[in-house]
Amino acid sequence: LYGYAGTTLRINLSENDIVKEALSEELVDEYIGGRGFVAKTLFDELPPNTEPFDPENLFIIAMGPLSGTFSPATGKTHFGTKSPATGGYGDSNMGGHFGVEMKYAGYDMIVINGKAEKPSYIFIENDKVEIRPAEKYWGRGSFDVEKAMKEEMGEEYQILTIGPAGENLVKFACISHDFGRQAGRIGIGAVLGSKNIKAIVMRGTKDVPVFDPKKLYESGRETYFAAKEKPGYTGWTPQGTAGITDWCNDVGAMPTRNFQTSHNDYASDINGQAILDKLKITDKGCFGCPIPCGKYGHAKTSMGSTYMEGPEYETIAMLGSNCDLADIDEIAYTNFICDELGIDTCSAGVVVSWALECYDRGIFTQEDFGMEVSFGDLKSVVKILELISYREKIGDLLAEGVKGASERVGKGTEKFAIHVKGLEWTGYESRNAPGMMLGYMTADIGAHHGRCWVLGNDVAGSAEAGCVGDLISEGSSVEKFPKAKVKGVSPIVINSQHIRPAFDILGTCRLQYMEIGLETFHYERNYEAVTGKPFKWEDLMTLSEKIWNLNRCFNFREIEDFGRKYDYPPARFYEEPIPNGPNEGHFITFDEINEMLDEFYEARGWDEEGRPTAEKLQQLGISLGVRA
Ligand code: SF4
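Just so we're clear, the structure is a prediction, and the values are computed from it rather than from any experiment.

**Student:** How would you sum up the sheet that holds strand β10 (residues 175–177)? Please name residues and give values.
**Tutor:** Read from one edge of the open sheet, 6 strands run β8-β7-β12-β9-β10-β11, paired in mixed fashion. In this open sheet, the two edge strands, each paired with only one partner strand, are β8 (128–133) and β11 (181–183). On average, each strand axis in the sheet is tilted by 20 degrees relative to the strand beside it, whichever way the strands run. Where helix α3 (residues 98–105) meets the sheet, it contacts β7 (120–125), β9 (158–161), β10 and β12 (197–203), and its direction lies at approximately 60 degrees from that of β12. Helix-sheet contacts for helix α4 (residues 142–153) involve β7, β9, β10 and β12, and the interaxial angle to β9 is about 150 degrees.

See below:
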């Protein structure tokens, strides 16, 4: 099997049972790798109706055929589990070097179930797999533990850790790696915490078999330099994702004060240029990346200073403007606090801003927080992040995520709890961006921009839009946008939903394609050189569609009353017009929301509740077996 290490590692923590088995060729043929492996394994092997924190929930790590090869930017690691945030399908993706090391250790996939008796970490060095005690690391921050483990074992060991939030089962706890790379969103860190696992340590020194090394050397080298020569490179790479800050604000898409509005007057103080001027020390990239987007820097605030990676645009939007922090050092500091505590910055930004709005409305009091709190105040944001991570005071409620917290509080707070399916929204306000809105609404894991990003199309009002690097270079000077049309956006959304899994399946970063417009033939040539198999981009799109449908079936199976109502956005988005900025006065009505869903379901071959029809499943070759 060229391109694969050839082994699946299974660890049952309850039984202390470690089994290595040959990677299934059937799985490789049908699902290729990464997100494909996760979706299929989770559907087939998770006992139906397992609760996310039950020991029987699965924690899966899966790599793709390109991972760790000479194909550029293949340092992404894919994770999967039943999500504590949504109770449905969950996967997550992390940059850095961990997964590459895992493949060099000889494993394409690791499937963990059960629960360790006491705090432990998993140590893997090639064929050696051990479950070791971790009491001395328990309770400590993610970076602190990664640093301590590297000092103890050696720099060459790749480490992923959870922070106190994961130990305390915060529903949006993440995994940290490489002092600034995270697998976030769906609460995967809390699942590891529920299994009493603080860290996984990985070291590998084996080869990945490649079908035609000479051809891969040539095509991989060409891909690397082609990325550096794309026009979008100069617009995007120097600032990374933060480079899009001004554009998002200028097109009225920057969440501000818990999505009360979509435009602020301080974006230029917290943009990519501010990072370069005030924070940045050096670029930082994942394994083999030609366009390193990480910005490692030094943040200085009234609460202290720290070295840290980031912040990316999403963090700037969610912990910055959405909490009304207008200082890039302060945003970077909150980014560091989240990373050390082990919580997803996007979800944290939504939960903190929702709590601050509740406080402003008199629903929460000073006593709930142990201090006065307000939007735009660094001490308030840091305090709430700490309360959440240790489940203290109001933090115990907030640790349930904005859906769980608002349902318990009631009093109309659900209307401004910004999530879909229980997953908090991210950095793109969409009240005049119907494609983006529909993408958030229908994503399998909940409201995540990583599943579909069509904001450029929404702004252009067209199926054609440049890559992000081009959008940044062009900028926007529109003073007032007309109300966008909702009809006809489904094909653009579905197309974006199908493109994105392709990179997670292959085991490569998507940003070279999305942000700077690298052509798909590069991936085709590298795949063929690695595996020796023919490859067509259209076939990969069909596999993406299959995975989307399989995950939709997973959600119907695992969430009792799953259906159309789980695809609705929060009421703020269809009841409150945007109060200022270039989209002032606009919102998408509830009738329009339903029109979009009708059109989307029909285009996907789903019924009126959004359930894949028998014909669609048959067409895609999906058999649900007895678990449907
Ligand atoms: Fe990692 Fe960024 Fe490069 Fe992607 S573009 S591989 S996330 S450094």
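More follows now that the structure is in view.
**Student:** Tell me about the side chain of K284, and please be specific about residues and values.
**Tutor:** Secondary-structure assignment places K284 in strand β13 (residues 280–284). With a relative accessible area of 17%, K284 lands in the buried category. Of note is the side chain of K284, whose polar atom sits 2.6 Å from the backbone oxygen of D178. When near neighbours in sequence (up to four residues on either side) are disregarded, K284 contacts D178, F179, G180, R181, P292, C293, G294, Y296 and E309.

**Student:** Pulling in residues and values, what's your account of the site of the ligand?
**Tutor:** Neighbouring the ligand are the residues K76, R181, G285, C286, C289, I291, P292, C293, C509, L511 and Q512. Across the shell around the ligand, the residue classes tally to 7 nonpolar, 2 polar and 2 charged.

**Student:** Quick one: what's the story with unusual backbone geometry, residue by residue and with numbers?
**Tutor:** Cis geometry marks the peptide bond from G310 to P311, where omega comes out at -5 degrees. Considering the arrangement of structural elements, one finds P311 in the loop between β15 (304–309) and α11 (313–320). A positive phi is found at L169, a non-glycine position, where the angle reads about 60 degrees. Its place among the elements puts L169 in the loop between α5 (164–167) and β10. Judged by its relative accessible area of 26%, L169 is partly exposed. Residue R257 is not a glycine yet carries a positive backbone phi of 50 degrees. Along the polypeptide, R257 turns up in the loop between α9 (245–250) and α10 (272–279).

**Student:** Which residues make up the pattern of salt bridges, and what values go with them?
**Tutor:** Side-chain pairs of opposite charge can arise where the charged atoms are in close proximity. A full pass over the atoms with the stated rule returns 45 salt bridges. Its salt-bridge partner being D127, residue K206 comes within 2.7 Å of it at the nearest N-O pair. Residue K206 is located in the loop between β12 and α7 (213–229), and its partner D127 is located in the loop between β7 and β8; the two are separated by 79 residues in the primary sequence. By relative accessible area, which is 33% here, K206 ends up partly exposed. Taking relative accessible area as the criterion, D127 reaches 48% and is therefore assigned partly exposed.

**Student:** Which residues make up a negative patch on the surface, and what values do they have?
**Tutor:** Residues E15, D17, E51, D54 and E56 make up a contiguous surface patch of negative charge. With respect to the helices and strands, D54 occurs in the loop between α2 (34–45) and β3 (59–62). With a relative accessible area of 32%, D54 lands in the partly exposed category.

**Student:** Which residues make up the packing of aromatic side chains, and what values go with them?
**Tutor:** For the structure on display, the rule yields 32 aromatic pairs. Plain terms: the ring middles of Y89 and F554 are 6.1 Å apart, the flat faces sit at 80 degrees to each other, and that makes the pair edge-to-face. Highlighted residues: Y89 in strand β5 (residues 89–94) and F554 in helix α24 (residues 537–558), separated in sequence by 465 residues. Measuring from centroid to centroid gives 4.7 Å for W425 and F573, while their planes differ by 85 degrees, and the two rings are edge-to-face. Here W425 is found in the loop between β17 (423–424) and α18 (434–442), whereas its partner F573 is found in helix α25 (residues 572–575), with 148 residues between them in sequence. Since its relative accessible area comes to 0%, W425 is described here as buried. Between the NZ or CZ atom of R132 and the centre of the ring of F123, over which it lies, the distance is 3.7 Å. Just above the ring of F43 sits the side chain of R557; from NZ or CZ to the centre is 4.7 Å.

**Student:** Now, about α4: what can you tell me, with residues and values included?
**Tutor:** Under the 1.5 Å per step criterion, the end-to-end length of α4 is 16 Å for 12 residues, consistent within 8% with the ideal 16 Å. Among all positions in α4, only S142, F143, V145, E146, A148, M149, K150 and M153 are buried. Taken together, the buried residues of α4 touch β7, β9, β10, β12 and α12 (328–341). In the stretch just after α4, G154 is the one whose phi turns positive, near 130 degrees.

**Student:** I'd like a rundown of the state of the cysteines, residues and numbers included.
**Tutor:** Under the counting rule described, the total for this entry stands at 0 disulfides. Left without a disulfide partner, C346 is nearest to the cysteine sulfur of C338, which lies 9.7 Å away.

**Student:** Quick rundown of the pairing of strand β6 (residues 109–113)? Include the residues and the values.
**Tutor:** In terms of residue burial, β6 counts as a mostly covered element, since 5 of its 5 residues are buried. Here β6 shows no split at all, with M109, V111 and N113 on one side and I110 and I112 on the other all buried. Direction of pairing for strand β1 (residues 7–12) relative to β6: parallel, over a ladder of 5 bridges. Along β6, the bridge assignment pairs I11 with I112. When β3 meets β6, the two strands line up antiparallel, connected through 4 bridges. Considered in β6, the bridge of I60 is made with V111.

Rules behind the numbers
- Residues numbered from 1 in each chain as written.
- Predicted model: local features only at pLDDT ≥ 70, side-chain atom pairs only at ≥ 80, totals over all residues.
- Heavy atoms only, no water.
- Pairing = 2+ DSSP bridges.
- Helix = DSSP H or I, 4+ residues; strand = E, 2+ residues; numbered from the N terminus.
- Axes fitted to C-alpha atoms, helices over the stretch in contact; angles between N-to-C directions.
- Contact = heavy atoms within 4.5 Å.
- Buried < 20%, exposed > 50% of the residue type's maximum accessible area, 1.4 Å probe, protein only.
- Polar contact = N/O pair within 3.5 Å; in protein donor to acceptor, adjacent residues only side chain to side chain.
- Near = heavy atom within 4 Å.
- Nonpolar A, V, L, I, M, F, W, Y, C, P; charged D, E, K, R; others polar.
- Salt bridge = Lys/Arg side-chain N within 4 Å of Asp/Glu carboxyl O.
- Patch = residues over 30% accessible without salt bridge, like charges linked within 9 Å, V, L, I, M, F, W, Y side chains within 5 Å.
- Areas by Shrake-Rupley, 256 points an atom, 1.4 Å probe, with all protein chains shown as cover.
- Lys, Arg positive; Asp, Glu negative; His and termini not counted.
- Charge placed at Lys NZ, Arg CZ, Asp CG, Glu CD.
- Phe/Tyr/Trp six-rings, centres within 6.5 Å; stacked < 30°, edge-to-face > 60°.
- Lys NZ or Arg CZ within 6 Å of the ring centre and 35° of its normal.
- Expected span 1.5 Å × (residues − 1).
- Disulfide = S-S within 2.5 Å.

Don't take any of this as a statement about function, it's just geometry.
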